[in-house]
Amino acid sequence: MREIVEKLTHTKERIEKYVFHPYLREYIIPPVIDEDKLLILISIVDQLELSPHEKDIYVSAIMLMHVALDTHDQVTNTLVDEKNIKVRQLTVLAGDYYSGLYYKFLASIEDVHVIKELSEGVKNINEHKVLIYHKDQDDLHTIMNSVKMIEFSLIDKLITYFGVKECYESASNWLLVKRLMKEKKRYNDTGSSVVFDALERFFSKNLREKTTEQQDVMQLYDSYIDYSIQLMSKGMKQVLPFHTLFEERMMKIIKDHSPREKSFVEEGY
């Protein structure tokens, strides 16, 4: 376990050297390197018969693309003053810069096939963001699947390409639960969240009693977290590399969430 912790720390520090540009840090919110995504990626590539250089490239490139996509998500159309315009422009440029590093890293290993697969993953993420942000859905599972694909599509393409699908169930639901809990906190703190907005649009078309809408949204949301935690825990048994650290981080997620006694998802809402 000590070895993977050291590897996780070292890899994160290396990626941070690329993304924590001194000038950009003066104007934009510093990117967040998701340690759980990083752990999943490290555990995947360490199963593969690749050179250390190739392993580092895949992990760093995919994390940089996630940083690029997250950075572009911060761009707003609000125009207030010259400073805000500059921040918006720098945010766009920062996202483009991180994306450029992603392509530069992948080009260095000259694997056209995996580059094609990962490009499809980026496309999937952007398509699912459109579904969540802008389109109404008639099905709860479609909304939640889009959230999962936003978090997991790039990793999914990597594990599919290299044939290590045994970690799919645990890792994909792990990242889904994390994102849902993050969105819930944002909603509770600010009253707004892209996922809750999508759910509320869904509910507005399906609820008969509008007065209970907010309560029902939260109940259904929590029940889906419960359901995904069950899938995550079940899939964890198939995850062999670094299972102790996986288990510790997953147990923390479970502890942070207060499950409800009844799961509306399991009842087939």
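It should be noted that the structure appears before, not after, this text.
Asker: Quick question: what am I supposed to make of the side chain of Lys148 here?
Answerer: Structurally, the position occupied by Lys148 is in helix H7 (residues 140–162). For the buried Lys148, which has no salt bridge, the nearest side chain bearing the opposite charge is Glu169, at an N-O separation of 5.0 Å. Apart from residues no more than four positions distant in its own chain, Lys148 is found in contact with Ser153, Tyr168, Ser172, Asn173 and Leu176.

Asker: Any chance you could explain the packing of helix H3 (residues 35–45) against helix H8 (residues 168–190) here in plain terms?
Answerer: When two helices pack together, their arrangement is given by the angle between their axes and by how far apart the axes lie. Running from N to C, H3 and H8 point in directions that differ by 175°, and their axes come no closer than 11 Å. When the axis of H3 is compared with that of H8, the two are roughly antiparallel. The segment H3 lies against H8, with Asp36, Lys37, Leu39 and Ile40 engaging Ala171, Trp174, Leu175 and Lys178. Considering only residue class, the contact of H3 with H8 consists of 5 nonpolar, no polar and 3 charged.

Asker: I'm lost on the pattern of salt bridges in this one. Help?
Answerer: A pair can form between side chains of opposite charge whenever their charged atoms are brought close. In total, this model carries 15 salt bridges according to the counting rule given. Between Asp136 and Arg201 there is a salt bridge whose closest N-O contact spans 2.6 Å. Here Arg201 lies in helix H9 (residues 194–206) and Asp136 lies in the loop between helix H6 (112–134) and H7, a separation of 65 residues in the sequence. Note on Asp136: relative accessible area 43%, which makes it partly exposed. Note that Lys185 is salt-bridged to Asp189, the shortest N-O span being 2.8 Å. In this pair, Lys185 and Asp189 are both assigned in helix H8, 4 residues apart and thus about one turn of the helix distant. Residue classification places Lys185 among the exposed residues on the basis of a relative accessible area of 53%. Connected through shared salt-bridge partners, Asp34, Asp36, Lys37, Glu151, Lys178, Arg179, Glu183 and Arg186 make up one network.

The rules behind the values
- Per chain, residue numbering runs from 1 following the sequence as it is written.
- Side-chain atom pairs in this predicted model are given and counted only at pLDDT of 80 or more, local residue features only at pLDDT of at least 70, and totals for whole chains, interfaces and linings cover all residues.
- To get the side-chain values, all heavy atoms of the structure are used, and hydrogens and water are removed first.
- Strands are runs of DSSP state E lasting at least 2 residues, helices are runs of H or I lasting at least 4, and numbering of each runs from the N terminus.
- Only protein chains enter the calculation, and the probe is 1.4 Å; a residue is then buried if its accessible area is under 20% of its type maximum, exposed if over 50%, and partly exposed in between.
- In this tally, Asp and Glu contribute negative charge and Lys and Arg positive charge; neither His nor the terminal groups of the chain are included.
- Salt-bridge detection follows one rule: a side-chain nitrogen of Lys or Arg within 4 Å of a carboxyl oxygen of Asp or Glu.
- Contacts between residues were defined by any pair of non-hydrogen atoms, one from each residue, lying within 4.5 Å.
- Angles shown run from 0 to 180 degrees and are taken between the N-to-C directions of axes, each axis being a line fitted to C-alpha atoms and, for helices, limited to the stretch in contact.
- Orientation categories follow fixed angle ranges, with anything under 35 degrees roughly parallel, anything over 145 roughly antiparallel, 65 to 115 roughly perpendicular, and all other angles oblique.
- Any residue that is not Ala, Val, Leu, Ile, Met, Phe, Trp, Tyr, Cys, Pro, Asp, Glu, Lys or Arg is counted as polar, Gly included; the first ten are nonpolar and the last four charged.

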